[in-house]
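Spelled out, the chains give:
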Amino acid sequence: MTTVTSTTGTNNTKTSALAGGSPSATEQSDRFLKLLVTQMQNQDPLNPLDNAQVTSQMAQISTVSGLENLNTSLGGLSTQFGQLQALQAAALVGHDVAFEGNSLRVQGTKADAGFELKSKADKVVIDITTPGGTVVDRIEMNALDAGRHDINWEVPSAWTGTALNFKVTATANGKPVESLALEHQRVTAVSNFAGTVAFELANGERLAHDAVWTYL
């Protein structure tokens, strides 16, 4: 008669272990120490364990444990940084910010924006345009240093309430100077977007915290 041995218990044990997920660094360290003690108790006196190998294995366990503790610490610092960033952002509600973009902020008969020059420019030409590219007006500035500069423009009655853009062309000794167009908007609220701090702007748009070029 053939005897059949059931392996159901063993398989269930393996399945349960797998379902429990990967062991933590502490559990791995405990298992290693238990195996090491058992191995030392049952080692062949004529062929003892290699001290260098044991030391190396213990160092690996310490490294894994240290990395787990480091990850926990970094997670705590990340949470604290996020909270600090949210507090700083909340303090900007009601204030203006500048960020990359070429739209003028039109408020009644006043329009404003800004730009950043990488180096000194002899001449800067700012074209005020419609979204379609039609030039409405032109502003010229001379002898500007590197850095951020403001644009303030009186809006003609014909263009009041109209969306307008601007284009900056800067030169020095006839050669182009690198510039960056900056929009101005007021922060009305702070929100959370995809796990990061964001600003709600007066024009209805949302701006990522790290997209702010400067505060006005």
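Predicted, not measured: the structure shown is a model, and the values here were computed from it.

Definitions and cut-offs
Residues numbered from 1 in each chain as written. Predicted model: local features only at pLDDT ≥ 70, side-chain atom pairs only at ≥ 80, totals over all residues. Heavy atoms only, no water. Helix = DSSP H or I, 4+ residues; strand = E, 2+ residues; numbered from the N terminus. Buried < 20%, exposed > 50% of the residue type's maximum accessible area, 1.4 Å probe, protein only. Contact = heavy atoms within 4.5 Å. Areas by Shrake-Rupley, 256 points an atom, 1.4 Å probe, with all protein chains shown as cover. Salt bridge = Lys/Arg side-chain N within 4 Å of Asp/Glu carboxyl O. Pairing = 2+ DSSP bridges. pLDDT = per-residue confidence, 0-100. Core = buried A, V, L, I, M, F, W, Y, C linked by side-chain atoms within 4.5 Å.

## A few points about the overall build of the chain
From N to C terminus, the chain includes three helices and twelve strands. When each of the 216 residues of the chain is scored for burial, the buried share is 27%. Excluding contacts between residues fewer than 6 apart, the proportion of contacts in the chain whose partners are at least 24 apart in sequence is 67%. Taken as a whole, the chain presents about 14300 Å² of accessible surface, with 53% of it coming from carbon and sulfur.

## Some words on the pattern of salt bridges
In this structure the tally under the stated criterion is eight salt bridges. Residue Arg105 is joined to Asp96 by a salt bridge in which the shortest nitrogen-to-oxygen separation is 3.1 Å. Linking Arg138 and Asp127 is a salt bridge whose minimum nitrogen-to-oxygen distance equals 2.6 Å. Taken together, the residues Arg138 in strand S5 (residues 135-144) and Asp127 in strand S4 (residues 121-129) connect sequence positions eleven residues apart. Judged by relative accessible area, which is 11%, Asp127 ranks as buried. One network of salt bridges, in which partners are shared, links Asp96, Arg105, Asp112 and Arg186.

## Topic: the pairing of strand S7 (residues 165-172)
The pairing of S4 with S7 spans seven bridges and is antiparallel. Bridging from a neighbouring strand, Val124 pairs with Ala170 of S7. In this structure, S7 lies alongside strand S8 (residues 175-177), joined through three bridges in antiparallel fashion. Across the sheet, the residue bridging to Ala170 is Val177, located in S8. The antiparallel pairing of S7 with S8 creates a hairpin that spans two residues between the two strands, and Asn173 there sits at a positive phi of about 55°.

## Here we look at the confidence of the model for the chain
Parts of the model with low pLDDT should not have their predicted coordinates read in detail. When pLDDT is averaged across the chain, the result is 79; 61% of the residues are at 70 or more. The low-confidence segment residues 1-19, where pLDDT is below 50, has zero contacts with residues more than four positions distant or belonging to other chains.

## Re the nonpolar core
Phe115, Val124 and Ile126 are the most contacted members of the largest nonpolar core, which totals 21 residues. Listing elements by their share of this core, those giving two or more residues are strand S3 (110-117), S4, S5, strand S6 (147-154) and S7. With sequence-adjacent residues up to four places away left out, Val124 is seen in contact with Phe115, Leu117, Ile139, Glu140, Met141, Leu144, Val168, Thr169 and Ala170. Listed in part, the ten residues of the second largest apolar core include Leu92, Val97, Val187 and Leu201.

## Here's the deal with the environment of Leu207
For Leu207, the location among the structural elements is in strand S11 (residues 206-208). Leu207 sits 14 residues away from Phe193 along the chain, and the two C-alpha atoms are 9.4 Å apart. With residues up to four places along the chain from it excluded, the contact list for Leu207 reads Val97, Phe99, Ala198, Phe199, Leu201 and Val212.

## Some details on unusual backbone geometry
Most of the time, phi is negative for any residue but glycine, and the peptide bond is trans. For Ala143, which is not glycine, the phi dihedral falls at a positive 50°. Structurally, Ala143 is set in strand S5. Here the phi dihedral of Asn173 falls at roughly 55°; this positive angle occurs in a residue that is not glycine. Take Asn173: it is sitting in the loop between S7 and S8. For Asn173, a relative accessible area of 73% translates into the label exposed.

## A look at the pairing of S5
Sheet topology places S4 next to S5; eight bridges connect them, and they run antiparallel. Note that in S5 the partner of Val124 across the bridge is Met141. What sits between S4 and S5 in their antiparallel hairpin is a turn of five residues, with Gly133 showing a positive phi close to 105°.

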